[in-house]
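Each chain, written out:
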Amino acid sequence: MATERTFSILKPDATRRNLTGAVNAVIEEAGLRIVAQRRIRMTKEQAEKFYEVHKERPFFGELVSFMTSGPVVVQVLEGENAVAKYREVMGATNPAQAAEGTIRKRFAESVGENTVHGSDSAENAKIEIAQFFKDSDIAA
Ligand code: RTP
Ligand code: MG
């Protein structure tokens with residue numbers, strides 16, 4: 001498996017509780033490298049576009065309002081099999097179902113406020129990275 005990149009967001013519940021360093025430590029301990037990182041305030045338009053696939057879901061409004069409720073940290077992570085590796089390190093969407101040691105098991109408060117986002121495929125990772133980073137922002 002070649003080196004791969006994935007897109008990550010440390011969500012507003014992580015910044016609110018001052019957990020960005022603790023989450024980054026888990027990411028780095030898993031062997032993923034943070035090759036780009038920026039703290040931003042997502043606009044409603046950015047959040048709606050980012051989560052467009054969920055626009056018909058009942059939780060869409062709540063999700064957009066949460067993602068714009070405070071600062072987030074957007075990141076590009078790099079490593080062997082980074083997409084699948086990060087999904088494993090994040091744990092299940094619902095923290096109650098997440099495996100021991102995963103970010104969501106350790107830190108997440110609820111299925112909505114679940115601390116991190118990670119791309120679900122290499123193809124989506126490319127699309128998501130391009131929404132927030134230029135090639136020149138990434139230093140591998
Ligand atoms: P993400 O996209 O944020 O990495 O999370 P995921 O793949 O594990 O979960 P996904 O199904 O893509 O859902 C996206 C985000 O929507 C919120 N959500 N709320 N209230 C609910 O039932 C519910 N279900 C999903 C979560 O913030 C989830 O991460
Ligand atoms: Mg998802």
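Residues numbered from 1 in each chain as written. Chains lettered and ligands numbered in written order. Predicted model: local features only at pLDDT ≥ 70, side-chain atom pairs only at ≥ 80, totals over all residues. Heavy atoms only, no water.

- An unreviewed UniProt entry annotates the protein chain as Nucleoside diphosphate kinase originating from Methylobacterium brachiatum.
- On record in UniProt, under Subunit (unreviewed entry), the comment for the protein chain is "Homotetramer." (UniProt positions renumbered as here; feature names shortened; annotations may be inferred.)

## With respect to the site of ligand 1
Turning to step 1, where the next piece is worked out: Close to ligand 1 lie 14 residues, the nearest being Tyr51, Thr93, Gly112, Asn114 and His117.
Turning to step 2, where the next piece is worked out: A distance of 2.9 Å is found between an oxygen atom of ligand 1 and a side-chain nitrogen or oxygen belonging to Tyr51.
Turning to step 3, where the next piece is worked out: Within the side chain of Asn114, an N or O atom sits 2.8 Å from an oxygen atom of ligand 1.
Turning to step 4, where the next piece is worked out: Relative to its unbound accessible area of 560 Å², ligand 1 is 79% covered by the protein chains.
Turning to step 5, where the next piece is worked out: Listing elements by their share of the shell around ligand 1, those giving two or more residues are helix H5 (82-90) and strand S4 (116-118).
Turning to step 6, where the next piece is worked out: When the residues that make up the shell around ligand 1 are grouped by side-chain class, the tally is five nonpolar, six polar and three charged. (Near = heavy atom within 4 Å. Polar contact = N/O pair within 3.5 Å; in protein donor to acceptor, adjacent residues only side chain to side chain. Areas by Shrake-Rupley, 256 points an atom, 1.4 Å probe, with all protein chains shown as cover. Helix = DSSP H or I, 4+ residues; strand = E, 2+ residues; numbered from the N terminus. Nonpolar A, V, L, I, M, F, W, Y, C, P; charged D, E, K, R; others polar.)

## Regarding unusual backbone geometry
Turning to step 1, where the next piece is worked out: If you check the backbone angles, Asn18 has positive phi at about 60 degrees while not being a glycine.
Turning to step 2, where the next piece is worked out: With respect to the helices and strands, Asn18 occurs in the loop between helix H1 (12-16) and helix H2 (20-29).
Turning to step 3, where the next piece is worked out: Overall, the relative accessible area of 71% leaves Asn18 in the exposed class.
Turning to step 4, where the next piece is worked out: Located in the positive-phi region is Asn81, a residue other than glycine, with phi close to 55 degrees. (Buried < 20%, exposed > 50% of the residue type's maximum accessible area, 1.4 Å probe, protein only.)

## A closer look at the UniProt feature "binding site: ATP" (unreviewed entry) in the protein chain
Turning to step 1, where the next piece is worked out: Mapped onto the present numbering, the UniProt feature "binding site: ATP" (unreviewed entry) falls at Lys11, Phe59, Arg87, Thr93, Arg104 and Asn114.
Turning to step 2, where the next piece is worked out: Relative to the assigned elements, Thr93 resides in the loop between H5 and helix H6 (103-107).
Turning to step 3, where the next piece is worked out: Judged by relative accessible area, which is 44%, Thr93 ranks as partly exposed.
Turning to step 4, where the next piece is worked out: If near-sequence neighbours (up to four positions away) are discounted, Thr93 is found in contact with Arg104, Val111 and Asn114.
Turning to step 5, where the next piece is worked out: As for its placement among the helices and strands, Asn114 is situated in the loop between H6 and S4.
Turning to step 6, where the next piece is worked out: For Asn114, a relative accessible area of 2% gives the class buried.
Turning to step 7, where the next piece is worked out: Not counting the four nearest positions on each side in its chain, Asn114 is found in contact with Lys11, Asp13, Thr93, Arg104 and Ala108. (Contact = heavy atoms within 4.5 Å.)

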